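A look at the structure
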Amino acid sequence: MCGIVGVLGNHQAAPILVDALKRLEYRGYDSAGIATVNDGVLDRRRAVGKLVNLSDLLVHNPIAGTAGIGHTRWATHGQPNITNAHPHQAGRVAVVHNGIIENFKELRSELTDAGYGFDTDTDTETIVKLCQQFMDGGLSASEAAEKTIARLDGAYALCFLFQGEDDLMIAARKGSPLAIGHGDGEMFVGSDAIALAPMTNKVTYLEEGDWAVITRNSFEIRDANGALANRNMRELDMKSANADKGMHKHFMSKEIAEQPAVLGDAVKHYINTERNAVVLPDVDLDFSKISQITMVACGTAYLACNVAKYWFEQIAGIPVDLDVASEFRYREPPLRDNTLAVFVSQSGETADTLAALRYCNDNHAQTIGVVNVPESSIARESNASLQIHAGVEIGVASTKAFTCQLTVLMTMVIKAARQRGKLDADGEAALVSALLGLPSIINVALQAEHEIIDVANALSKFSDTLFLGRGALFPIALEGALKLKEISYIHAEGYASGELKHGPIALVDENMPIVVFAPKDALFDKTVSNMQEVMARRGKVILFTDDAGAQVASDGAWKVIKMPAVHAPLAPILYAIPAQLLAYHTAVAKGTDVDQPRNLAKSVTVE
Ligand code: F6R
């Protein structure tokens, strides 16, 4: 949800800002812009659409200065046009903002009454106008910024730059992440460490309510009460910040292909291979004392929780409540004693999930964050966190993070089942060996890509699809439908196979492809009956199954694609692969923008 960057450097800022924005473009791509101070003069360039438009503009209309701020926008208030593009500027102040200022209407009317006019539809313009008003009243740049920040309600990561100040940036964070990067006589600000990776690996994360006065050789952080705050500087391992497509056409294709490697890495972090047993080093928790698990997340991460619900209940015998975070946070459910609340989030910054976590912390639940970004807010604010070790995920549609989330959740399930006496050492060893063998099975599944391309080419001609699955494959049907709609814009709905005849079957005719995920498991025959009902109504079944399933259920299906056999509980992880490939190649066939689908952004830091 918008990426912001700031530079107080010793080289021209524009190329550095554009490179950093490229690394942040996954957060939004409705418009992009930069502002610099050069010999004391504030100037800016902005362009609608992708960052490449800003780069083109800068070729024809360059901008000088070694101090600058930059922004890539995911529009919240106001259309994605040039007027609404950041940086916003008023008088001697320019600002980039990620978040939503909730009291902007009140501030705007106050400022209008005071004679300040507004040009844009954005909430952000109130920030620059307010700061301008304070400076017009005689305050210094940092005093004006401090007073401005104090008036803001809502969520923000901000970076201010000022006319006449070649060596000053003010950064502030509330609700949206922000990091300060330390160079040699240079300082940087970024929405995440990935943006700063080429410049520095020394990073200080601002905490909630912090604001910082930054010069090339110093920084001073104050907390929400105005007291000086001492925040640790960390040296990050930037290997994981490699945001390169390699030989692939899209990040999504690279990230799908990486799954055997990253999954193998994730497993190793949580398994003692000598004992074939699970170890959760940072989780000091006795699952035998847990009476209820509440799982909360959004989007694909929520669907990972859906799979884990089956596992926790069936393997570990723990009841699980599930919620999408945007509902949970306002539903404010009473929490039973001995509740474990689990928050799953790739970015670790999703606003609704974070708010749900805070609710559970306030209500004394034990909380665990399952995240891909170790320094993220959800990791830091949970009682314990488990990293999924997927490496940086750039494609807006989540792929490798989903399967790594599932893998890590399965290790939790095994641990819980052992501690609750639901699994003996042999049962644990069998599941652990199956997890260790998963990367090579996924490698085999990836080899079905060519067949999936043929199916995807055919699927791309349709405008609606249904996805079906049963048991723990039902969430994979939901995930397949979510992936397809978000990147190919084909309307797709996921259903539990048994639910079809309770309504959705009315949609079925020869124009309705129905994607079915059904390994030959205990529920297979029931799913085959549902397929028969579909085919009797001329629906076009695309069946993903294993060899045993294909032998008995291929007749009448439009397309059948075989997956390798897998230890039954792990089937959801395996069948996520063809779901991702199908969505990816359908989108490629339709020529949509796979990595940056319309209207979406990766890190959803606003409600
Ligand atoms: C879909 C997708 C989103 C995210 C959701 C949660 O492909 O990526 O649905 O899963 O926005 O994001 P995180 O996991 O960062 O909390």
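Residues numbered from 1 in each chain as written. Predicted model: local features only at pLDDT ≥ 70, side-chain atom pairs only at ≥ 80, totals over all residues. Heavy atoms only, no water.

Under an unreviewed UniProt entry, the chain has the name Glutamine--fructose-6-phosphate aminotransferase [isomerizing] and belongs to Paramylibacter kogurei. Comment text from UniProt for the chain, heading Subunit (unreviewed entry), reads "Homodimer." Under the heading Function (unreviewed entry), UniProt records this for the chain: "Catalyzes the first step in hexosamine metabolism, converting fructose-6P into glucosamine-6P using glutamine as a nitrogen source." (UniProt positions renumbered as here; feature names shortened; annotations may be inferred.)

This part takes up the site of the ligand. Taken together, the neighbourhood of the ligand is formed by 14 residues, with S345, Q346, S347, T350 and E486 sitting nearest. Q346 places a polar main-chain atom, nitrogen or oxygen, 2.6 Å from an oxygen atom of the ligand. Here V396 contributes a backbone N or O atom positioned 3.3 Å from an oxygen atom of the ligand. Computed on the free molecule, the ligand has an accessible area of 410 Å², of which 88% lies beneath the protein chains in the complex. Of all the elements in the fold, those that place two or more residues in the shell around the ligand are helix 9 (299–315) and helix 16 (474–488). When residues of the shell around the ligand are assigned to their parent elements, the largest contribution, 3 residues, is made by helix 9. Here the shell around the ligand is built from residues that sort into 5 nonpolar, 7 polar and 2 charged. (Near = heavy atom within 4 Å. Polar contact = N/O pair within 3.5 Å; in protein donor to acceptor, adjacent residues only side chain to side chain. Areas by Shrake-Rupley, 256 points an atom, 1.4 Å probe, with all protein chains shown as cover. Helix = DSSP H or I, 4+ residues; strand = E, 2+ residues; numbered from the N terminus. Nonpolar A, V, L, I, M, F, W, Y, C, P; charged D, E, K, R; others polar.)

This brings us to the packing of aromatic side chains. By the definition in use, this model includes 5 aromatic pairs. Plain terms: the ring middles of F160 and F162 are 6.1 Å apart, the flat faces sit at 10 degrees to each other, and that makes the pair stacked. Measuring from ring centre to ring centre gives 5.8 Å for F462 and W558, while their planes differ by 80 degrees; the resulting arrangement is edge-to-face. Here the residue F462 occupies a position in the loop between helix 15 (449–459) and strand 22 (464–469), and W558 occupies one in the loop between helix 18 (547–553) and strand 26 (559–563), the gap between them amounting to 96 residues. By the ring-pair criterion, three or more aromatic residues cluster together here, those being F467, F517 and F544. In this structure, K559 is placed above the aromatic ring of W558, and the distance from its NZ or CZ to the ring centre is 4.8 Å. (Phe/Tyr/Trp six-rings, centres within 6.5 Å; stacked < 30°, edge-to-face > 60°. Lys NZ or Arg CZ within 6 Å of the ring centre and 35° of its normal.)

Our next topic: the UniProt feature "active site" (unreviewed entry) in the chain. Here, the residues flagged by UniProt with the feature "active site" (unreviewed entry) are C2 and K602. In sequence the annotated residues extend across 601 residues, while in space they remain close, none of their C-alpha pairs exceeding 9.4 Å. Residue classification places C2 among the buried residues on the basis of a relative accessible area of 6%. Look past the residues within four positions of C2 in its chain and what remains in contact with it is R27, H71, T72, R73, W74, H97, N98 and S191. One can find K602 in the segment after helix 19 (571–590). Other than its neighbours up to four places away in sequence, K602 contacts Y26, R27, Q346, E393, I394, G395, V396, A397 and S398. (Buried < 20%, exposed > 50% of the residue type's maximum accessible area, 1.4 Å probe, protein only. Contact = heavy atoms within 4.5 Å.)

The subject of this paragraph is the sheet that holds strand 22. Spatially, 23-22-24-25-26 is the arrangement adopted by the 5 strands of the open sheet, whose pairing is parallel. In the strand order of this sheet, the two ends are held by strand 23 (491–496) and strand 26, each with one partner. Pairs of neighbouring strands in the sheet enclose a mean axial angle of 20 degrees, with direction left out of account. With 5 bridges joining them, strand 24 (residues 513–517) and strand 25 (residues 540–546) adopt parallel strand pairing. (Pairing = 2+ DSSP bridges. Axes fitted to C-alpha atoms, helices over the stretch in contact; angles between N-to-C directions.)

Below, the discussion takes up unusual backbone geometry. With an omega of -5 degrees, the peptide bond between H86 and P87 qualifies as cis. Among the structural elements, P87 can be located in the loop between strand 4 (67–73) and strand 5 (88–90). With phi around 65 degrees, Y489 is a residue other than glycine that occupies positive phi space. With respect to the element layout, Y489 can be found in the loop between helix 16 and strand 23. Classification of Y489 as partly exposed rests on a relative accessible area of 27%. For R538, which is not glycine, the phi torsion reads 65 degrees and is therefore positive. With respect to the helices, strands and loops of the structure, R538 is situated in the loop between helix 17 (524–535) and strand 25. Exposure remark for R538: the relative accessible area of 55% places this residue in the exposed category.

Moving on, we come to the state of the cysteines. Under the definition given, this model contains 0 disulfides. Free cysteine: C159, not disulfide-bonded; nearest cysteine sulfur from C131 at 12 Å. A disulfide-free cysteine, C360 has its sulfur positioned 12 Å from the sulfur of C305, the nearest such atom. (Disulfide = S-S within 2.5 Å.)

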